[in-house]
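Chains, contacts and geometry: an overview
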Amino acid sequence: MTQDELKQAVGQAAADYVAQHAPAGSIIGVGTGSTANCFIDALAPLKDRFRGAVASSEATRKRLEGHGIPVLDLNDVEDIPIYVDGADEIDGGLNMIKGGGGALTREKIVAAVARTFVCICDASKRVEVMGRFPLPVEVIPMARAHVARELAKLGGTPVLREGFVTDNGNVILDVRGLAITDPKGLEARINQITGVVTNGLFAVRPADVLMLGGADGVSTIAG
């Protein structure tokens, strides 16, 4: 299977999971990126079963609305039974690096509300130790240089994502050269740097379920 076919397969598997496990009339959390788009497309035929969705980015909101799926403001939602999103890397503990698409802050907020986080990705994203994929850090623009100096002290090489502004009006530093052996500790340490909005480590709140697309189809792994 090609990578696109793997993404479509895990997107469909996630839609089937949602149909089976999310109560009728509930609200679904939806992530951002090419794999999440495959989930949105697979969810569209089931839209009448649910009240709507919470989107983790403006791009996701537009795609959901294009399928006729109502998008709700998270402030008006008390419960999200399931949040579905992809990952740039995921380890054996279902800790993730996310944010390649720049939506890490809103993704982390929606994930914090959700009862179950379902990660969907192809087998190339599964790693023993995270860090080969640059770790995104969302930063208040005036703090960019300060945060970059602090990130360098942690052993990484921060690079400004040129020409990119998040949906929140901030910039992203992509940190290269890290071997992330303590995801929870590093997530907390980076978030304590003044000027950081959040970083792309999802370890304090990891995935609960991984749907992994590979040559033999989609496997489901519980955290």
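Coordinates for the structure precede this section.
Residues numbered from 1 in each chain as written. Predicted model: local features only at pLDDT ≥ 70, side-chain atom pairs only at ≥ 80, totals over all residues. Heavy atoms only, no water.

This part covers the overall build of the chain. When helices and strands are counted, the chain shows 6 helices and 13 strands. Its C-alpha atoms give the chain principal-axis dimensions of about 50 × 40 × 30 Å. Relative to its full complement of 223 residues, the chain shows a buried share of 52%. Contacts spanning at least 24 positions in sequence make up 75% of the contacts within the chain whose residues lie at least 6 apart. As displayed, the chain offers around 10000 Å² of accessible surface, 50% of which is attributable to carbon and sulfur atoms. The averaged location of the 27 negative side-chain charges in the chain is 4 Å from the averaged location of its 22 positive side-chain charges. (Helix = DSSP H or I, 4+ residues; strand = E, 2+ residues; numbered from the N terminus. Buried < 20%, exposed > 50% of the residue type's maximum accessible area, 1.4 Å probe, protein only. Contact = heavy atoms within 4.5 Å. Areas by Shrake-Rupley, 256 points an atom, 1.4 Å probe, with all protein chains shown as cover. Lys, Arg positive; Asp, Glu negative; His and termini not counted. Charge placed at Lys NZ, Arg CZ, Asp CG, Glu CD.)

Before going further, it helps to examine the sheet that holds strand β7 (residues 135-139). In space, the 4 strands of this open sheet follow the order β8-β9-β7-β10, with antiparallel pairing throughout. Only two strands of the sheet have a single neighbouring strand rather than two, namely β8 (157-160) and β10 (196-199). With strand direction ignored, the average angle separating the axes of adjacent strands in the sheet is 30 degrees. Seen against the sheet, helix α5 (residues 144-153) touches β7, β8, β9 (171-176) and β10 and runs at an angle of roughly 15 degrees to β9. (Pairing = 2+ DSSP bridges. Axes fitted to C-alpha atoms, helices over the stretch in contact; angles between N-to-C directions.)

Neither face of strand β1 (residues 27-30) is exposed, since Ile27 and Gly29 on one face and Ile28 and Val30 on the opposite face are all buried. Of the strand pairs in this sheet, β1 and strand β2 (residues 52-55) are connected by 4 bridges, and their pairing is parallel. What sits directly across from Val30, in β2, is Ala55. As a crossover connection, the stretch from β1 through helix α2 (residues 34-43) into β2 is right-handed. (Right-handed = clockwise from strand over helix to strand, strands pointing away.)

Attention shifts here to the sheet that holds β2. The sheet built from 6 strands is open, its strands ordered β2-β1-β3-β6-β12-β13 with mixed pairing. Every other strand in the sheet has two partners, leaving β2 and β13 (217-222) as the edge strands with one partner each. Strand-to-strand twist of the sheet, defined as the mean angle between neighbouring strand axes without regard to direction, takes the value 20 degrees. Across 5 bridges, the pairing between strand β6 (residues 114-122) and strand β12 (residues 209-214) is parallel.

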